[in-house]
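Geometric and topological summary
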Amino acid sequence: MLRPRAIFSLVQTLKGFPTAEGCVRTSSALCNRRNYSSQAPAASKSFGMNLFRGKVQAEEVFPFPEVLTSEQEQNLQMLIDPVAKFFEEVNDPAKNDAIESVEDGTMQGLKEMGAFGLQVPQEYGGIGLSNTQYARLVEIVGSHDLGVGIMLGAHQSIGFKGILLFGSKEQKAKYLPIVASGEKIAAFCLTEPSSGSDASSIRSRAVLSKDGKHYVLNGSKIWISNGGIADIFTVFAQTQVTDAKTGTTKDKVTAFIVERGFGGVSSGPPEKKMGIKASNTAEVYFEDVQIPAGNVLGEVGGGFKVSMNILNNGRFGMAAALSGTMKGVILKAIEHASQRSQFGQKIDSYGAIQEKLARMAMVQYVTESMAYMISANMDRGSTEFQIEAAISKIYASEAAWFCTDEAMQILGGMGYMRECGIERVMRDLRIFRIFEGTNDILRLFVAATGIQYAGTHLRELQKAMKNPTANLGTLVNFGTKRARRMVGLSTGDTTSLQSYAHSSLRESADQTTKAVADFGAAIEEILIAHGKGIIERQFLLNRIAESAIDIYGMVSVLSRASRSLSKNLSSADHESKLCTIFCEEASERVRTNLNALQSTRHNETFSKMTRVSKDLVNNKGLLPQHPIGF
């Protein structure tokens, strides 16, 4: 056991734990600005948040959540066939791609189906779907045409989502009916030439008029989906905000509902893009646009909160849509592999192809499990799902790229041909790792958000040190746990998942439990070793994020496969295989990444990478001499 003096020396290192300000700086303003440092740590039901403390918070992950009522299930089943039939028989993704817009007949058909207001309450003219119902329908869209999916998603997943989340009764009554019907298209205007992932650095400015009746907006936004066809915009701009207590004035971002009809709103020509050509992407300009004061969305100065909630709220839909995309390309790969013969055998009999198909099915299963676990928890009222949503976006976008690349490889030259359709899917997919938070930034977001939460709990130890006599039990308990870890013994903090998982998945449950415990211990060690300096160590943060992604994937499939086994579903044995393969391989990756956090050799490699990168930048190009000398 560590003595109190030793505990004291350890606790001294906790004084520099990352605060919300540091978290925001690291993840380029993608981290929620909650100041935990001045308050007792709030309890969280989020599995992702508690993962960083090495704790299994099972409430939102076991059993696999089922939230649809019988009426919701019936309504959803009535929608699935018509939507699927529409995308199979009416929508032409190749034509949309060729004309670089959504064909008029498709647009009209989507309006008639109510596709522009899927989650708008019925009282405002929408269909009123839950998050889970919405996920199931966008999965169908994602399996057929990502260009159309982006147009619809930019409209409702982010375009007018702020009105749903933060709008006043008057704003909802005015705007939701016209966007739900598709009469007016919506767009989300955040990105500027000088601000991509760093939302706090935007330069567009809105100035309140002297009479206080309107704001005058000037600025521009780039790469806006639906930018050239939208009439309703959610726009973020700097405004001057005066602190009522101190009287000081400073710039803060505010969200506005802007109509093209206000005047002064214009857009550039459609951008020429690699993929998602059917969706309109354009620059939007605002010149002396007069916005009624009543069109502030949320609070003045509260734009950062609005933007982050919109993006967090919409990410689960991306995972659902991409799980559908993966289904589509996997079906093409299976069809080809089962019919194509080489060297006297169908190519699906060869191990190389079998491994590809198995891995494609596995990552699709993981993505789908994440998407519907998150949507169900949102439907149950969860408000703290930012880590899980970010993980699902990262994993889904990379898994979909992997599946599509492997499908093209299985189909060979045929897959490379435009007629097959896979090359279009691959072009469409590339943007998903970039927009709505680049995967690189989201990895930092996942790590920084979780570390911040873990740090608040360790700061409680600091407080205990101020009165060690009254808090001796707390201090001794902390020292005992650290001592047990140092000699390789379990602290008993992490609840075994065997009590939740199906008995036939005991090994996967043990692997996941160990991964959670090891991850929590690694986070504690990292914080003690680096304090607030961890925020600047992105080589380490990336490996922390990779581990968190794998562990959330493990618990998602473990929960889903356990449910299928308990219900004796016809697919249960197959799902069990997918689960055990993923957990086996993911646990190895977690072990490798966590070891890298403390490895001197790995840290030396990271340092060399830093120097190599600086050499390249300083040289403005590659340095090695050409192998033939010139």
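Heads up: these notes are all about the structure in this document. (Residues numbered from 1 in each chain as written. Predicted model: local features only at pLDDT ≥ 70, side-chain atom pairs only at ≥ 80, totals over all residues. Heavy atoms only, no water.)

Our next topic: the environment of Leu76. Structurally, the position occupied by Leu76 is in helix 4 (residues 70-89). Separated by 56 residues in the primary sequence, Leu76 and Thr132 have C-alpha atoms spaced 9.7 Å apart. The residues touching Leu76, leaving out its near neighbours within four places in the chain, are Leu68, Gln133, Arg136 and Leu137. (Helix = DSSP H or I, 4+ residues; strand = E, 2+ residues; numbered from the N terminus. Contact = heavy atoms within 4.5 Å.)

With that out of the way, let us pick up the pattern of salt bridges. Evaluated as defined, the whole model comprises 26 salt bridges. Two residues, Lys356 and Glu406, come together in a salt bridge whose shortest N-O distance is 3.1 Å. Note that Lys356 is positioned in helix 12 (residues 351-379) and Glu406 in helix 13 (residues 386-411), a separation of 50 residues in sequence. Close ionic contact of Glu423 with Arg418 constitutes a salt bridge, the shortest N to O distance being 3.8 Å. Connected via shared salt-bridge partners are Arg136, Glu139, Lys327, Glu368, Arg560 and Glu575. (Salt bridge = Lys/Arg side-chain N within 4 Å of Asp/Glu carboxyl O.)

It is worth spelling out the side chain of Ser369 at this point. By the element assignment, Ser369 lies in helix 12. Judged by relative accessible area, Ser369 falls into the buried class, the value being 0%. Among the polar contacts listed, one links the side chain of Ser369 to the side chain of Arg560, at a separation of 3.1 Å. (Buried < 20%, exposed > 50% of the residue type's maximum accessible area, 1.4 Å probe, protein only. Polar contact = N/O pair within 3.5 Å; in protein donor to acceptor, adjacent residues only side chain to side chain.)

The element strand 4 (residues 232-242) is extensively covered by neighbouring structure, given that nine of its 11 residues are classed as buried. Inspection of the sheet shows strand 1 (residues 186-189) paired to strand 4 by four bridges, in the parallel sense. Paired with Cys189 across the bridge in strand 4 is Val235. Of the pairings in the sheet, the one linking strand 4 to strand 5 (residues 249-259) comprises 11 bridges and is antiparallel in character. Of the residues in strand 5, the one forming a bridge with Ala237 is Thr254. (Pairing = 2+ DSSP bridges.)

Quick look at unusual backbone geometry now. Residues Phe62 and Pro63 are joined by a peptide bond in cis, for which omega reads -15°. A positive phi angle, near 70°, is found at Asn226, a position not held by glycine. The residue Asn226 is located in the loop between strand 3 (214-225) and strand 4 in this model. One non-glycine residue, Ile276, adopts positive backbone phi at about 35°. With respect to the element layout, Ile276 can be found in the loop between strand 6 (265-267) and strand 7 (281-292).

Another aspect to go through is the nonpolar core. Phe52 and Val258 are the most contacted members of the largest nonpolar core, which has 148 residues in total. Each residue touching Val258, except ones within four places of it in the same chain, is listed here: Leu217, Asp231, Ile232, Phe233, Val235, Val265, Phe286, Val289 and Ile291. Within the second largest apolar cluster, 25 residues are counted, among which are Leu176, Ile232, Phe304 and Leu311. (Core = buried A, V, L, I, M, F, W, Y, C linked by side-chain atoms within 4.5 Å.)

Closest axis-to-axis distance for the helix 20 (residues 572-598)/helix 21 (residues 600-619) pair is 6 Å, and the angle between their directions is 80°. One way to sum up the angle between helix 20 and helix 21 is to call them roughly perpendicular. Residues Ala596, Leu597 and Gln598 of helix 20 form the contact with helix 21, whose participating residues are Thr600, His602, Asn603 and Phe606. Residues belonging to the contact of helix 20 with helix 21 are distributed by class as follows: three nonpolar, four polar and no charged. (Axes fitted to C-alpha atoms, helices over the stretch in contact; angles between N-to-C directions. Parallel < 35°, antiparallel > 145°, perpendicular 65-115°, else oblique. Nonpolar A, V, L, I, M, F, W, Y, C, P; charged D, E, K, R; others polar.)

Note on placement: Leu558 falls in helix 19 (residues 538-566). Considered as a pair, Leu558 and Phe64 are 494 residues apart in the sequence and their alpha carbons are 8.9 Å apart. Filtering out sequence-adjacent residues up to four positions away, Leu558 remains in contact with Phe62, Leu497, Ala501, Leu505, Ser508, Ala509, Thr512 and Cys579.

Within this structure, the stated rule accounts for 11 aromatic pairs. Between Tyr395 and Phe582, the ring centres sit 6.4 Å apart and the planes meet at 85°, which makes this aromatic pair edge-to-face. One end of the pair, Tyr395, is in helix 13; the other, Phe582, is in helix 20, and 187 residues separate them in sequence. Residue Tyr395 is classed as buried on the basis of its relative accessible area of 13%. Of note, Arg433 hangs over the ring of Trp401, and the distance from its end group to the ring centre comes to 5.6 Å. (Phe/Tyr/Trp six-rings, centres within 6.5 Å; stacked < 30°, edge-to-face > 60°. Lys NZ or Arg CZ within 6 Å of the ring centre and 35° of its normal.)

Note that all results are geometric; they support no functional claim without further evidence.
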